[in-house]
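Listed below are the residues making up each chain.
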There are 4 protein chains.
Amino acid sequence: MPGYAGSQDEYLTRLRRVEGQVRGLQRMVEGDTYCIDVLTQVAAVTKALQAVSLGLLEDHLAHCVLDAARDPESDEAAAKVREATDAVARLLRS
Amino acid sequence: MPGYAGSQDEYLTRLRRVEGQVRGLQRMVEGDTYCIDVLTQVAAVTKALQAVSLGLLEDHLAHCVLDAARDPESDEAAAKVREATDAVARLLRS
Amino acid sequence: MPGYAGSQDEYLTRLRRVEGQVRGLQRMVEGDTYCIDVLTQVAAVTKALQAVSLGLLEDHLAHCVLDAARDPESDEAAAKVREATDAVARLLRS
Amino acid sequence: MPGYAGSQDEYLTRLRRVEGQVRGLQRMVEGDTYCIDVLTQVAAVTKALQAVSLGLLEDHLAHCVLDAARDPESDEAAAKVREATDAVARLLRS
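Residues numbered from 1 in each chain as written. Chains lettered and ligands numbered in written order. Predicted model: local features only at pLDDT ≥ 70, side-chain atom pairs only at ≥ 80, totals over all residues. Heavy atoms only, no water.

(A) Quick look at the overall build of chain A. Along the backbone of chain A there are three helices and zero strands. In chain A, the order of α-helices and β-strands from amino to carboxyl end is α-α-α. Relative to the compact-globule value of 12 Å for 94 residues, chain A shows a C-alpha radius of gyration of 18 Å, a clear excess of over 25%. Oriented by its inertia axes, the alpha-carbon framework of chain A measures out at about 60 × 30 × 10 Å. For chain A, the proportion of its 94 residues judged to be buried stands at 53%. A sequence separation of at least 24 residues applies to 51% of the contacts in chain A between residues at least 6 apart. Carbon and sulfur atoms form 45% of the exposed surface of chain A, whose accessible area is close to 4000 Å². (Helix = DSSP H or I, 4+ residues; strand = E, 2+ residues; numbered from the N terminus. Rg over C-alpha atoms; globule rule 2.2 N^0.38 Å. Buried < 20%, exposed > 50% of the residue type's maximum accessible area, 1.4 Å probe, protein only. Contact = heavy atoms within 4.5 Å. Areas by Shrake-Rupley, 256 points an atom, 1.4 Å probe, with all protein chains shown as cover.)

(B) View of the relation of the copies chain A and chain B. Placing chain A over chain B gives an RMSD of 0.0 Å and needs a rotation angle of 180 degrees, together with 0.0 Å of translation along the axis. In short, the pair behaves as if placed about a two-fold rotation axis. Mapped onto chain B, 100% of the interface residues of chain A are again interface residues, and the two copies thus contact each other with one and the same surface. (Least-squares fit on C-alpha atoms with pLDDT ≥ 70 in both.)

(C) Representation of a negative patch on the surface in the model. Residues and elements named next belong to chain A. The grouping of D67, D71, E73, D75 and E76 at the surface amounts to a negative patch. Among the secondary structure elements, E76 is positioned in the loop between α2 (35-70) and α3 (77-93). Taking relative accessible area as the criterion, E76 reaches 43% and is therefore assigned partly exposed. (Patch = residues over 30% accessible without salt bridge, like charges linked within 9 Å, V, L, I, M, F, W, Y side chains within 5 Å. Salt bridge = Lys/Arg side-chain N within 4 Å of Asp/Glu carboxyl O. Lys, Arg positive; Asp, Glu negative; His and termini not counted. Charge placed at Lys NZ, Arg CZ, Asp CG, Glu CD.)

(D) Spatial organisation of the pattern of salt bridges. Taken as a whole and assessed by the stated rule, the structure comprises 20 salt bridges over all chains. In this structure, the salt-bridge partner of R23(A) is E19(A), at a minimum N-O distance of 2.8 Å. Placement of the pair is R23(A) and E19(A) together in helix α1 (residues 8-30), with a separation of four residues, close to one helical turn. Note on R23(A): relative accessible area 35%, which makes it partly exposed. Beyond isolated ion pairs, a larger network of salt bridges with shared partners links E19(A), R23(A), E19(B) and R23(B).

(E) Structural detail: the interface of chain A and chain B. With 46 residues of chain A at the interface, the matching set in chain B holds 46 residues. Summed over both partners, the interface of chain A with chain B comes to about 4200 Å²; 70% of that surface belongs to carbon and sulfur atoms. For R16(A), the salt bridge is made with E30(B), and the minimal N-O distance between the two is 4.0 Å. Linking chain A with chain B are 20 residue pairs in polar contact (both at pLDDT 80 or more), by the criterion used here. When residues of the side of chain A that touches chain B are traced back to their parent elements, those giving at least two are α1, α2 and α3 of chain A. Sort the elements by how many residues they give to the side of chain A that touches chain B and α2(A) lands first, with 17 residues. (Buried area = accessible area lost by both parts, 1.4 Å probe. Polar contact = N/O pair within 3.5 Å; in protein donor to acceptor, adjacent residues only side chain to side chain.)

(F) Representation of the side chain of S53(C) in the model. For S53(C), the position within the fold is in helix α2 (residues 35-70). Apart from the residues within four sequence positions on either side, S53(C) is in contact with L91(C), L39(D) and V42(D).

(G) Fine view of the packing of aromatic side chains. All names here are of chain A. Counting across every chain of the model gives four aromatic pairs over all chains. Between Y4 and Y11, the aromatic rings sit 6.2 Å apart at their centres with planes inclined by 80 degrees, giving edge-to-face as the arrangement. Of the two residues, Y4 and Y11, both sit in the buried class. (Phe/Tyr/Trp six-rings, centres within 6.5 Å; stacked < 30°, edge-to-face > 60°.)

(H) Spotlight on the environment of C35(D). Note on placement: C35(D) falls in helix α2 (residues 35-70). Overall, the relative accessible area of 0% leaves C35(D) in the buried class. A C-alpha to C-alpha distance of 15 Å links C35(D) and V45(D), two positions 10 residues apart in sequence. If we ignore the near neighbours within four places in the chain, the residues touching C35(D) are P2(C), G3(C), Y4(C), H60(C) and C64(C).

(I) Here's a closer look at α3(A). Across its 17 residues, α3(A) extends 25 Å between first and last C-alpha, which sits within 8% of the 24 Å expected from 1.5 Å per residue. Within the sequence span of α3(A), burial applies to A77(A), K80(A), V81(A), A84(A), T85(A), A87(A), V88(A), A89(A), L91(A) and L92(A). Along its buried surface, α3(A) packs onto α2 of chain A, α2 (35-70) of chain B, α3 (77-93) of chain C together with α2 and α3 (77-93) of chain D. (Expected span 1.5 Å × (residues − 1).)

(J) A look at the packing of α3(C) against α2(D). At a closest axis distance of 9 Å, the pairing of α3(C) and α2(D) adopts a crossing angle of 10 degrees. The pairing of α3(C) with α2(D) is recorded here as roughly parallel in orientation. Taken together, the residues of α2(D) that come into contact with α3(C) (itself represented by E83(C), A84(C), A87(C), R90(C), L91(C) and R93(C)) are I36(D), L39(D), T40(D), A43(D), K47(D) and Q50(D). Among the residues forming the contact of α3(C) with α2(D), the class breakdown is six nonpolar, two polar and four charged. (Axes fitted to C-alpha atoms, helices over the stretch in contact; angles between N-to-C directions. Parallel < 35°, antiparallel > 145°, perpendicular 65-115°, else oblique. Nonpolar A, V, L, I, M, F, W, Y, C, P; charged D, E, K, R; others polar.)

(K) Region of interest: the side chain of D59(B). Residue and element names in this part refer to chain B. Structurally, D59 can be placed in helix α2. Notably, D59 is buried but unbridged: the nearest opposite-charge side chain belongs to R14, and the N-O separation is 7.3 Å. Discounting chain neighbours no more than four positions away, the residues touching D59 are G3, Y4, S7, Y11 and C64.

Keep in mind that these numbers describe shape and distance, not what the molecule does.
In structure tokens form, the structure reads like this:
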């Protein structure tokens, strides 16, 4: 099970809201909304996605990474830390 | 007309693709996809939205801001520059 | 003259403060400061640099770009807008 | 000892290089360098600081967080994960 298993419904609710926001952006563009107002709304959508990312990251560290560290038969913890850091690098660059 | 008037269809196409990507994220979460793979895809969606922002910003500067600068009866150019910079600040923080 | 000519001293003051913050980071690392506290301070320095960027961007748009738009003998305004947008793209990715 | 104890010298070298870059920015501003060229260099410094952050984050997770997870007498692992995620949130917003 993924690290976010316990909050799957919450993530789906948030992602459906993001989907609604993206459809709202389409209506803004179709309705000739002023550029700056569209930009403000794009920033809001990006912020909502970023909050999803941070939640997923915390769930991943708290479950997948800590579980690997605690499992005496696993030697994956260091690799999982590297993988999580690479994911953060992608978030910072996006 | 907004600065992006000449490329409205292109922006709608890009935003519909982003909407599809967000629905793809929902399917990933429903399908118990590994956290890091979901995070990678969230970063891709954020990047696509950022490309939309940069396009809108360039269109806004090239049309709304330059037009205000060229219109001898307008004294809005400086205010529009400030407004555009504030929009960039919101993008950087999102 | 660059767009920031009127505020050169203010930018130098801010950059000297950033330099001091970076030396402070070195002292934190030499003093075995807790990782998270170093990270918090790195984020503060990045934020200070970003504020410098936003100031330079506004000065550039308000002077170099608007001047090019107003000069009937210049056809550089569109190229300058593209160049400024590319600079914003670099800031967003950094 | 902090998580970066094993690479302290490397971090100091990188931070001294960042300090040199910030002094370079001051010389650019004193020398009336074109705004866009200053902005490009600010983005480079921000990128260098971000690389330092990612290194510190990986060291922190690999040492402080994994050690807490492995210590049967520690119940700090979850709190440390939350703290690390908050640090990432600050990096994303800076």
